[in-house]
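Single-letter residue listing:
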Amino acid sequence: MEQYSTRSAPHRQRPPAQRQAPRSAAVPAQAGVGPRRSALARRMPRPRLTGLGGGLFACAAMVLVGGICWLLFGSSLFVYGLLFLPVAAATALWVRPADLITAPIGVPIAFAAGVWPISGGSGGIGGHLMGLVSALSLHAGWLYAGTLVAALIAVVRKAVLIGKRRMPRRIAR
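Everything numeric here is computed off the predicted structure, so don't read it as measured data.

Novice: Where do I start with the overall build of the protein chain in this structure?
Specialist: Helices and strands together make up the secondary structure of the protein chain, namely 7 helices and 0 strands. Mapped in sequence order, the helices and strands of the protein chain form the string α-α-α-α-α-α-α. Looking at the protein chain as a whole, 27% of its 173 residues are labelled buried. Here the analysis covers contacts within the protein chain between residues at least 6 apart in sequence; of these, 72% occur between residues at least 24 apart. Total accessible area on the protein chain stands at roughly 12600 Å², and carbon and sulfur atoms take up 66% of it.

Structure (structure tokens):
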């Protein structure tokens, strides 16, 4: 029986004369042309989180926010909801383009995960569960607002990506 090799064939390198020059050197007229990023965009990290990574980031951030609200603000759900909005926006901004749909899905799960320390339940598992459900139902406005922020950012990012893909077609016509 014949066994196939799992190693790939050795790569042949081109002679130095046949190698391509860097793009900016190949077209000197276009060396300075390209999409410029604003100062704020240069300071912010580029989107690199997968869908799962975005959900885990949001959950970890909201559990941390819940703990901070419990320790510093006396379990204030107003402060928790207020801090939920930037976490939702950051999650939607930092998710990679292929996983944009996961941002508005993972953000509400993160809200529910982080509200547990400040839900105010007592008397065992049943009491904590009732406190969690009560906190979620009474502060659903914050939940909907954060989900809406994440969804709007995801939709705008997707529209920009689609517009960038269609731009070369319009120029070629």
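Now that the structure has been shown, the text picks up again.
Novice: How do you make sense of the nonpolar core when you look at a structure like this?
Specialist: In summary, soluble globular proteins display a tendency toward joint burial of nonpolar side chains. Ranked by size, the top nonpolar core spans 24 residues in total, and within it Met62, Cys69, Leu77, Tyr80, Phe111, Val115 and Ile118 carry the most contacts. Among the elements of the structure, helix 3 (51-72), helix 4 (77-94), helix 5 (103-114), helix 6 (124-138) and helix 7 (140-172) are those that each provide at least two residues to this core. In contact with Leu77, not counting residues within four places along its chain, are Val115, Ile118, Ala135, His139 and Trp142.

Novice: How should I be thinking about the packing of helix 3 against helix 5 in this particular structure?
Specialist: Packed helices, taken two at a time, are described by their axes: the angle between them and the distance between them. Contact pair helix 3 / helix 5: the axes reach a minimum separation of 8 Å and the direction vectors enclose 30 degrees. When the interaxial angle is binned, helix 3 and helix 5 end up roughly parallel. The way helix 3 lies across helix 5 gives a crossing that is right-handed. Along its contact with helix 3, which presents Ala58, Cys59, Met62, Val63 and Gly66, the element helix 5 presents Ile109, Ala110, Phe111, Ala113 and Gly114.

Novice: Where do I start with the packing of helix 3 against helix 4 in this structure?
Specialist: Direction vectors running N to C along helix 3 and helix 4 enclose 160 degrees, while the axes themselves pass 10 Å from each other. As summarised for this structure, helix 3 and helix 4 are arranged roughly antiparallel, according to the angle between their axes. Here helix 3 and helix 4 pass one another in a crossing that is right-handed. Counted together, Gly54, Phe57, Ala58, Ala61, Met62, Val65, Gly66 and Cys69 of helix 3 and Val79, Tyr80, Leu83, Phe84, Val87, Ala90, Thr91 and Trp94 of helix 4 form the full contact between these two elements. A class-by-class count of the residues in the contact of helix 3 with helix 4 yields 13 nonpolar, 3 polar and no charged.

Novice: Is there a simple way to explain the pattern of salt bridges in this structure?
Specialist: Opposite charge on two side chains permits pairing when their charged atoms draw close. For the structure on display, the rule yields 1 salt bridge. Arg96 is paired through a salt bridge with Asp99; the nearest N and O atoms lie 2.8 Å apart. On the basis of relative accessibility, which here comes to 37%, the residue Arg96 falls in the partly exposed class. Under the relative-accessibility criterion, Asp99 is labelled buried at 16%.

Novice: It is not clear to me how the side chain of Ser119 should be interpreted in this structure. Could you clarify?
Specialist: Structurally, the position occupied by Ser119 is in the loop between helix 5 and helix 6. Polar side-chain contacts of Ser119 include one of 3.1 Å to the backbone oxygen of Trp116. If near-sequence neighbours (up to four positions away) are discounted, Ser119 is found in contact with His128, Gly131, Leu132 and Ala135.

Novice: Which parts of the structure should I look at to understand the packing of aromatic side chains?
Specialist: Aromatic ring pairs: the centre-centre distance and the angle between the two ring planes describe each pair. For the coordinates displayed, the defined rule picks out 4 aromatic pairs. Relative to Phe111, the ring of Tyr80 lies with its centre 5.1 Å away and its plane at 55 degrees, an arrangement referred to as tilted. Remark: Phe111 occurs in helix 5 and Tyr80 occurs in helix 4; sequence separation between them is 31 residues. Per residue, the accessibility class of Tyr80 equals that of Phe111, and both read buried. Between Phe84 and Phe111, the aromatic rings sit 4.8 Å apart at their centres with planes inclined by 70 degrees, giving edge-to-face as the arrangement. Remark: Phe111 occurs in helix 5 and Phe84 occurs in helix 4; sequence separation between them is 27 residues. With a relative accessible area of 1%, Phe111 lands in the buried category. What links up through ring pairs into an aromatic cluster is the set Tyr80, Phe84 and Phe111.

Thresholds applied
- Residues numbered from 1 in each chain as written.
- Predicted model: local features only at pLDDT ≥ 70, side-chain atom pairs only at ≥ 80, totals over all residues.
- Heavy atoms only, no water.
- Helix = DSSP H or I, 4+ residues; strand = E, 2+ residues; numbered from the N terminus.
- Buried < 20%, exposed > 50% of the residue type's maximum accessible area, 1.4 Å probe, protein only.
- Contact = heavy atoms within 4.5 Å.
- Areas by Shrake-Rupley, 256 points an atom, 1.4 Å probe, with all protein chains shown as cover.
- Core = buried A, V, L, I, M, F, W, Y, C linked by side-chain atoms within 4.5 Å.
- Axes fitted to C-alpha atoms, helices over the stretch in contact; angles between N-to-C directions.
- Parallel < 35°, antiparallel > 145°, perpendicular 65-115°, else oblique.
- Left-handed = near helix turned anticlockwise from the far one by under 90°.
- Nonpolar A, V, L, I, M, F, W, Y, C, P; charged D, E, K, R; others polar.
- Salt bridge = Lys/Arg side-chain N within 4 Å of Asp/Glu carboxyl O.
- Polar contact = N/O pair within 3.5 Å; in protein donor to acceptor, adjacent residues only side chain to side chain.
- Phe/Tyr/Trp six-rings, centres within 6.5 Å; stacked < 30°, edge-to-face > 60°.

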